[in-house]
Amino acid sequence: MSVHELPLLPEVSQQAFRDAMSGLGAAVNIITTDGPAGRAGFTATAVCSVSDTPPTLLVCLNRNASVWPLFRDNGVLCVNTLAAGQESLSTLFGGKTPMTERFAAARWHTQRSGAPLLQGALMAFDCTITQVVSVATHDILFSNVMALERHDAQPGLMWFDRRYHALSRQDAR
Ligand SMILES: NC(=O)C1=CN([C@@H]2O[C@H](COP(=O)(O)OP(=O)(O)OC[C@H]3O[C@@H](n4cnc5c(N)ncnc54)[C@H](O)[C@@H]3O)[C@@H](O)[C@H]2O)C=CC1
Ligand SMILES: Cc1cc2nc3c(=O)[nH]c(=O)nc-3n(C[C@H](O)[C@H](O)[C@H](O)COP(=O)(O)O)c2cc1C
């Protein structure tokens, strides 16, 4: 049977999709930017490795987010992967909190792109945005990694089943 002959099925609802996606565990990241448009950051689990040559990752950003125009205009970002114990930062950057309040809760420095790197993050990927593809409600920000910082002796942080879980290295057998 070709794809054109498949019977018409009812659409998968937004809620059914979200419920199913809640079963895909993911790392928790704070994505930051800075530049002519100003400083901004948001929490994201939709982050993925794309290629190692050149080192490329992607971040999915909802175009309705208040931070969206700042990422578009600055053209740089940093993926700060959170460690266990940094859950409150994730909540702060994932809500409706004013930007100054979000950044006041931690210490930051810069590397090559000028985007803020979080002191004490598990990993920081300092990037230039190389390509933006709009799909449905989100923009996919393809980004070239220009510099890296690692502090990965700490336990990791996962978002799974709509809550945080600490992930220790000893569990990985
Ligand atoms: N990719 C995204 O834009 C994500 C957005 N969120 C936002 O964080 C808040 C809390 O999320 P949860 O507690 O996990 O419960 P939830 O029921 O809103 O989401 C469950 C799962 O569905 C997916 N999801 C949620 N909203 C989405 C969106 N607008 N576009 C694409 N995928 C989406 C994510 O994988 C998420 O973990 C919600 O406001 C949600 O919209 C959370 C995770 C990813
Ligand atoms: C655990 C978690 C994961 C999230 N992942 C994403 C994501 O991958 N992409 C996205 O656009 N928004 C994601 N969000 C929502 C954004 O963090 C939120 O919309 C952002 O802080 C902008 O909010 P604002 O419009 O109030 O500034 C996530 C939120 C939480 C709590």
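Please refer to the structure higher up on the page.
Before going into details, it helps to say that this report is about the structure given with it. Not measured: the values here are computed from a predicted model. (Residues numbered from 1 in each chain as written. Chains lettered and ligands numbered in written order. Predicted model: local features only at pLDDT ≥ 70, side-chain atom pairs only at ≥ 80, totals over all residues. Heavy atoms only, no water.)

### Quick notes on the environment of W159
Piece 1. Within the secondary structure layout, W159 lies in strand 11 (residues 156-160).
Piece 2. Residue classification places W159 among the partly exposed positions, given a relative accessible area of 31%.
Piece 3. Spatially, the C-alpha atom of W159 lies 5.6 Å from that of G25, the residues being 134 residues apart in sequence.
Piece 4. Those residues in contact with W159 that sit more than four places away from it in its chain are L24, G25, A26, V28, T45 and Y164. (Helix = DSSP H or I, 4+ residues; strand = E, 2+ residues; numbered from the N terminus. Buried < 20%, exposed > 50% of the residue type's maximum accessible area, 1.4 Å probe, protein only. Contact = heavy atoms within 4.5 Å.)

### Some words on the site of ligand 2
Piece 1. The local shell around ligand 2 holds 17 residues, among which T43, C60, N62, S66 and F93 are the closest.
Piece 2. Take R102: an N or O atom from its side chain is 2.9 Å from an oxygen atom of ligand 2.
Piece 3. When isolated, ligand 2 has an accessible area of 640 Å², and the protein chains bury 80% of it.
Piece 4. If you list the elements that add at least two residues to the shell around ligand 2, you get strand 3 (40-44), strand 5 (55-62) and helix 3 (87-94).
Piece 5. Class assignment for the residues of the shell around ligand 2 results in 8 nonpolar, 7 polar and 2 charged. (Near = heavy atom within 4 Å. Polar contact = N/O pair within 3.5 Å; in protein donor to acceptor, adjacent residues only side chain to side chain. Areas by Shrake-Rupley, 256 points an atom, 1.4 Å probe, with all protein chains shown as cover. Nonpolar A, V, L, I, M, F, W, Y, C, P; charged D, E, K, R; others polar.)

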